[in-house]
Every structure is written in C-alpha cells, then in structure tokens.
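Spelled out, the chains give:
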Amino acid sequence: KLEGNLKRKEELSNELHLIDFEQLKIENQTLNEKIEERNEELLKLRKKTTTTVQVLTHLKEKLQFVQADNQLLKVELAELEAELSTHRDALTKAKHDRDTLRSENLR
C-alpha cells in the first residue's frame, strides 16, 4: 500500500514537472520576445543618437564659422566707426573754418 502511494506521488510529481516545464517554456518565450523588442528599441535609439550627434557636430562647426565671421565683421565695424569719427571731425573742422571765413567776409 505504501509503495502504491509512493508510486502515485511520483507520477503526480512527474506530471507537475511537465506542467512546470511547459509553463517555464512559455515564460521563457515571452521573455525572449520582450528582449527582442528591447533590442530593437535600443537599436533605434542608437541610430537616433548617432544622427543627433552628427547634427550637433554640424551645428557646432557652423557656429564656429559664424563666430569667426562675426569677429571679422566686428573688426570691420570698428574700423568703419573710426573712419566715420575721423570724417565727422573733419566735417566739424570744415564747418568751423567756413563759419570763421563767413564772419571774416562780413566784416
């Protein structure tokens, strides 16, 4: 009688092991699908990162070019402002000389 009970318990145990194995197979398959999805998402993010880095690099190069161009324009502006100041001073002197000559002519 004890041997019969033991044998039935072993059979039941084998059935449970088979059910557990099938359940683990299903869980494993589900987890593998999730891993595959995550890997695809990771690949997309890596591509996006690469593209973003390329765009950022391009914009940095463009910024450096624009800053260099801006610096040249600042130097040119300073030169033009100095030239304008010189011409204004000359104009002021010429007007003063004109006014002086006019006043001398009126006398």
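Refer to the preceding data block for the structure.
For the structure given in this document, a descriptive report is provided here. (Residues numbered from 1 in each chain as written. Predicted model: local features only at pLDDT ≥ 70, side-chain atom pairs only at ≥ 80, totals over all residues. Heavy atoms only, no water.)

### Focus: the overall build of the chain
- A count of helical and extended segments in the chain gives one helix and zero strands.
- Buried positions account for 0% of the 107 residues belonging to the chain.
- By element, 58% of the accessible surface of the chain is carried by carbon and sulfur atoms, the whole surface being about 10800 Å². (Helix = DSSP H or I, 4+ residues; strand = E, 2+ residues; numbered from the N terminus. Buried < 20%, exposed > 50% of the residue type's maximum accessible area, 1.4 Å probe, protein only. Areas by Shrake-Rupley, 256 points an atom, 1.4 Å probe, with all protein chains shown as cover.)

### Details of a negative patch on the surface
- A surface patch of negative charge is lined by E33, E36, E37, E40 and E41.
- Locating E40 in the fold gives a position in helix α1 (residues 2-106).
- When its relative accessible area of 45% is taken as the criterion, E40 is described as partly exposed. (Patch = residues over 30% accessible without salt bridge, like charges linked within 9 Å, V, L, I, M, F, W, Y side chains within 5 Å. Salt bridge = Lys/Arg side-chain N within 4 Å of Asp/Glu carboxyl O. Lys, Arg positive; Asp, Glu negative; His and termini not counted. Charge placed at Lys NZ, Arg CZ, Asp CG, Glu CD.)

### Quick notes on the pattern of salt bridges
- Scanning the entire structure with this criterion turns up two salt bridges.
- With a closest N to O distance of 3.2 Å, R98 and D99 form a salt bridge.
- Looking at R98, the relative accessible area reads 38%, which means it is partly exposed.
- With relative accessibility at 39%, the residue D99 sits in the partly exposed group.

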